[in-house]
Amino acid sequence: DAGVIQSPRHEVTEMGQEVTLRCKPISGHNSLFWYRQTMMRGLELLIYFNNNVPIDDSGMPEDRFSAKMPNASFSTLKIQPSEPRDSAVYFCASTLSGGANQPQHFGDGTRLSIL
Amino acid sequence: AQKITQTQPGMFVQEKEAVTLDCTYDTSDPSYGLFWYKQPSSGEMIFLIYQGSYDQQNATEGRYSLNFQKARKSANLVISASQLGDSAMYFCAMSATGTASKLTFGTGTRLQVTL
């Protein structure tokens, strides 16, 4: 079975550029999560969707970050304009919601470097 | 609010020995789930094991077992017969019913298996 697919795996870009990270969740999963991982702050939940609807975006750092889920099989996380402090590994995860016993399955992450 | 505490930033264990990674949690929810994830140096997040708050028996998955002590609010991961490939970061996480499987993560424990 295909797992969560993220693209790109690595992204290096200059400060001020727009960055778009993409995620395809596991087929049949109806919850999707975006995380950011840094050495200083660990794993942070940025936003999550349930049935394509954003439920909690309180973790989104600022207005430069936005996320969309136009359908059940695709989500994007966009940073515009990007800054060096946005450098991190960004993970997407999906699960079948409805109870507390469903594990989240993670993609391999996107390693983002803003120069 | 939920909180996960992992007090061991780093652990060493000899190959073939067993090791216990500590995790304590705090929640007011009556129903919740506890999870362990492994993050090797390659960066991906791998789901290992799950324990439900109402489960009577401790969860086991191959060489992984979860020592669940509800009264003490602890959910320690036990890895038996350690292998070199077990060297990684290990994260404890919890979810609560009604939160669309939103996870709260601990800060992680880095395990190093030695010869």
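The model shown is predicted, which means the values in this text are computed figures rather than measured ones. (Residues numbered from 1 in each chain as written. Chains lettered and ligands numbered in written order. Predicted model: local features only at pLDDT ≥ 70, side-chain atom pairs only at ≥ 80, totals over all residues. Heavy atoms only, no water.)

Trainee: Please set out the overall build of chain A residue by residue, giving values where relevant.
Mentor: Helix and strand counts for chain A stand at 0 helices and 11 strands. Overall, chain A shows an N-to-C arrangement of helices and strands of β-β-β-β-β-β-β-β-β-β-β. Taking 13 Å as the expected radius of gyration for a compact globule of 115 residues, we find that chain A reaches 13 Å, a close match to that expectation. For chain A, buried positions account for 49% of its 115 residues. For chain A, the share of sequence-separated contacts (at least 6 apart) that also reach a separation of at least 24 residues comes to 54%. When the accessible surface of chain A is summed, it comes to about 5700 Å², and 48% of that surface belongs to carbon and sulfur atoms. Separation between the mean location of the 10 positive side-chain charges and that of the 12 negative ones in chain A comes to 3 Å. (Helix = DSSP H or I, 4+ residues; strand = E, 2+ residues; numbered from the N terminus. Rg over C-alpha atoms; globule rule 2.2 N^0.38 Å. Buried < 20%, exposed > 50% of the residue type's maximum accessible area, 1.4 Å probe, protein only. Contact = heavy atoms within 4.5 Å. Areas by Shrake-Rupley, 256 points an atom, 1.4 Å probe, with all protein chains shown as cover. Lys, Arg positive; Asp, Glu negative; His and termini not counted. Charge placed at Lys NZ, Arg CZ, Asp CG, Glu CD.)

Trainee: Could you give me a rundown of the sheet that holds strand S1 (residues 5–7) of chain A, with the residues and numbers involved?
Mentor: Backbone hydrogen bonds hold the strands of a sheet together, and the pairing may be parallel or antiparallel. All names here are of chain A. The 4 strands are arranged S1-S3-S8-S7 in an open sheet whose pairing can be described as antiparallel. What marks the edges here is a single partner per strand, and that holds for S1 and strand S7 (65–71). The sheet shows a mean angle of 15° between the axes of neighbouring strands, taken without regard to direction. For S7 and strand S8 (residues 74–79), the ladder comprises 5 bridges, and the chain directions are antiparallel. Paired with Lys-68 across the bridge in S8 is Thr-76. (Pairing = 2+ DSSP bridges. Axes fitted to C-alpha atoms, helices over the stretch in contact; angles between N-to-C directions.)

Trainee: Can you tell me about the interface of chain A and chain B, naming the residues and giving the values?
Mentor: Contacts between the two partners involve 21 residues from chain A, matched on the other side by 20 residues from chain B. Taken over both partners, the interface formed by chain A and chain B buries close to 1600 Å², and the fraction arising from carbon and sulfur atoms is 60%. Between the two partners, chain A and chain B, sit 0 salt bridges. Linking chain A with chain B are 2 residue pairs in polar contact (both at pLDDT 80 or more), by the criterion used here. Of all the secondary structure elements, the ones that give two or more residues to the side of chain A that touches chain B are strand S4 (31–38), strand S5 (42–50) and strand S9 (88–95) of chain A. Considered class by class, the residues forming the side of chain A that touches chain B number 10 nonpolar, 9 polar and 2 charged. (Buried area = accessible area lost by both parts, 1.4 Å probe. Salt bridge = Lys/Arg side-chain N within 4 Å of Asp/Glu carboxyl O. Polar contact = N/O pair within 3.5 Å; in protein donor to acceptor, adjacent residues only side chain to side chain. Nonpolar A, V, L, I, M, F, W, Y, C, P; charged D, E, K, R; others polar.)

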